[in-house]
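Listed below, chain by chain, are the residues.
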Amino acid sequence: MEEKKNLLTFTGLKKLEEELHDLKVVRRKEVAGKIKEAREQGDLSENAEYDAAKDEQRDIEARIEEIEKILKNVEVVDEDEVDLEKISVGCRVKVYDIEYDEEMEFSLVGSSEANSLKGKISNESPVGKALIGAKVGDVVEVETQAGLIQYKVLEIQRSN
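Notes on the structure in this doc start here.

The rules we used
- The residue numbering used here restarts from 1 in each chain and proceeds along that chain's sequence as written.
- Restriction of local features to residues with pLDDT of at least 70 applies here, the model being predicted, together with a cutoff of 80 or more for giving and counting side-chain atom pairs; totals for whole chains, interfaces and linings are based on all residues.
- As a convention, hydrogens and water are excluded, and side-chain values are obtained from all of the structure's heavy atoms.
- Secondary structure follows DSSP: runs of H or I at least 4 residues long count as helices, runs of E at least 2 residues long count as strands, and numbering of each begins at the N terminus.
- Radius of gyration here uses only the C-alpha atoms, and the compact-globule reference equals 2.2 Å multiplied by the residue count raised to the power 0.38.
- Exposure categories follow from relative accessible area, calculated using a 1.4 Å probe and restricted to protein chains: below 20% of the type maximum is buried, above 50% is exposed, and the middle band is partly exposed.
- By definition, residues are in contact when any of their heavy atoms lie within 4.5 Å.
- Shrake-Rupley sampling with a 1.4 Å probe provides the accessible areas, and residues are treated as covered by the protein chains on show and by no other component.
- The charge count treats Lys and Arg as positive and Asp and Glu as negative. His and the chain ends do not count.
- Working definition for charges: the position is that of NZ of Lys, CZ of Arg, CG of Asp or CD of Glu.
- Strand pairing is defined by DSSP finding a minimum of two bridges between the two strands.
- Helix axes are fitted to C-alpha atoms over the stretch in contact, other axes to C-alpha atoms as well, and angles between N-to-C directions run from 0 to 180 degrees.
- Cavities and pockets are found on a 1 Å grid laid over the protein atoms alone: a cavity is a set of points where a 1.4 Å probe fits but cannot escape, a pocket is an open set with protein on both sides within 12 Å along at least five of seven lines, and a lining residue has an atom within 4 Å of such a point.
- Grid points are joined across faces, edges and corners, and a volume is the space filled by probe spheres set on the points.
- When residues are grouped by polarity, Ala, Val, Leu, Ile, Met, Phe, Trp, Tyr, Cys and Pro land in nonpolar, Asp, Glu, Lys and Arg in charged, and all others, Gly among them, in polar.
- In these notes, a set of buried Ala, Val, Leu, Ile, Met, Phe, Trp, Tyr and Cys residues joined through side-chain atoms within 4.5 Å is what counts as a nonpolar core.
- Whenever a carboxyl oxygen of Asp or Glu lies within 4 Å of a side-chain nitrogen of Lys or Arg, that contact is scored as a salt bridge.

1. Things to note about the overall build of the protein chain
A count of helical and extended segments in the protein chain gives three helices and seven strands. Starting at the N terminus and walking to the C terminus, you meet the elements of the protein chain as β-α-α-β-β-β-β-α-β-β. Rg of the C-alpha trace for the protein chain: 21 Å, well past the compact-globule value of 15 Å for 160 residues, more than 25% over. Dimensions along the principal axes, computed over C-alpha positions, put the protein chain at roughly 70 × 35 × 35 Å. In the protein chain, which comprises 160 residues, the proportion classed as buried is 32%. At a minimum sequence separation of 6, the contacts of the protein chain that also span at least 24 residues come to 55%. When the accessible area of the protein chain is evaluated, it comes to approximately 10200 Å², of which 48% is carbon and sulfur surface. Across the protein chain, the centroid of the 25 positively charged side chains sits 4 Å from that of the 39 negatively charged ones.

2. Focus on the sheet that holds strand 6 (residues 139-144)
Spatially, five strands are ordered 5-4-3-7-6 in an open sheet, and the strand pairing comes out mixed. The open sheet is flanked by strand 5 (120-122) and strand 6, the only strands paired with a single partner. Strand-to-strand twist of the sheet, defined as the mean angle between neighbouring strand axes without regard to direction, takes the value 45°. Where strand 6 and strand 7 (residues 147-158) come together, six bridges link them in antiparallel fashion. Looking at the pairing, Val140 lines up with Tyr151 of strand 7.

3. Overview of the layout of surface pockets
By volume, the largest pocket amounts to about 220 Å³. Forming the walls of the largest pocket are 13 residues, and the residues nearest its centre are Gly12, Lys15, Ser112, Glu113 and Lys120. Among the elements that take part in the lining of the largest pocket, helix 1 (residues 10-40) stands out by supplying five residues, more than any other. Considering only residue class, the lining of the largest pocket consists of three nonpolar, four polar and six charged.

4. Side note on the nonpolar core
Ile87, Val93, Phe106, Val127, Leu131, Tyr151 and Val153 are the most contacted members of the largest nonpolar core, which totals 20 residues. At the level of secondary structure, the elements contributing two or more residues to this core comprise strand 3 (91-97), strand 4 (102-109), helix 3 (126-131), strand 6 and strand 7. If you tally residues by element for this core, the top one is strand 7, at four residues. In this structure, Leu131 is in contact with Ile87, Val93, Val95, Phe106, Ile121, Val140 and Val153, ignoring residues within four places of it in sequence. Core analysis: the next-biggest nonpolar cluster, separate from the first, contains 14 residues, Leu16, Tyr50, Ile64 and Ile67 among them.

5. Overview of the pattern of salt bridges
All chains considered together, the criterion is met by twelve salt bridges. The salt bridge involving Glu56 is made with Lys34; its shortest N-O contact spans 3.0 Å. Linking Glu56 in helix 2 (residues 48-72) with Lys34 in helix 1, this pair joins segments that are 22 residues apart in sequence.

Structure representation (structure tokens):
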């Protein structure tokens, strides 16, 4: 079975690469120092600093592994080459919520970049799936847990 590609915008790729570099170069050394200090205190069986440092080390290594897995199978979407005729990953889209009579803006990104608090929605989310391929003027319907939502596409722009 072929692994699915991890779609990332160029900006998202740079952020992940920077985070990976920071984790490998800076954070690993910091936590190794904490573990060394805690070991020097003697008895490790009741050493909370040692346990906390080991937990932090495990979290860092897990995040490094997660980022490397994403980057191993990445497909970068160049925002400068995004077709502005229809919605795709790398677009910033302005929509009108018909039921609530309000305009909203989203950036469509790959799932590993999604952050709804920052208006970045995944191409794999219900809203993202419904918007992909839509053009200005189209009304898309999104089936959510709260029911059917209708958005009218007002504008498509580049994300950057």
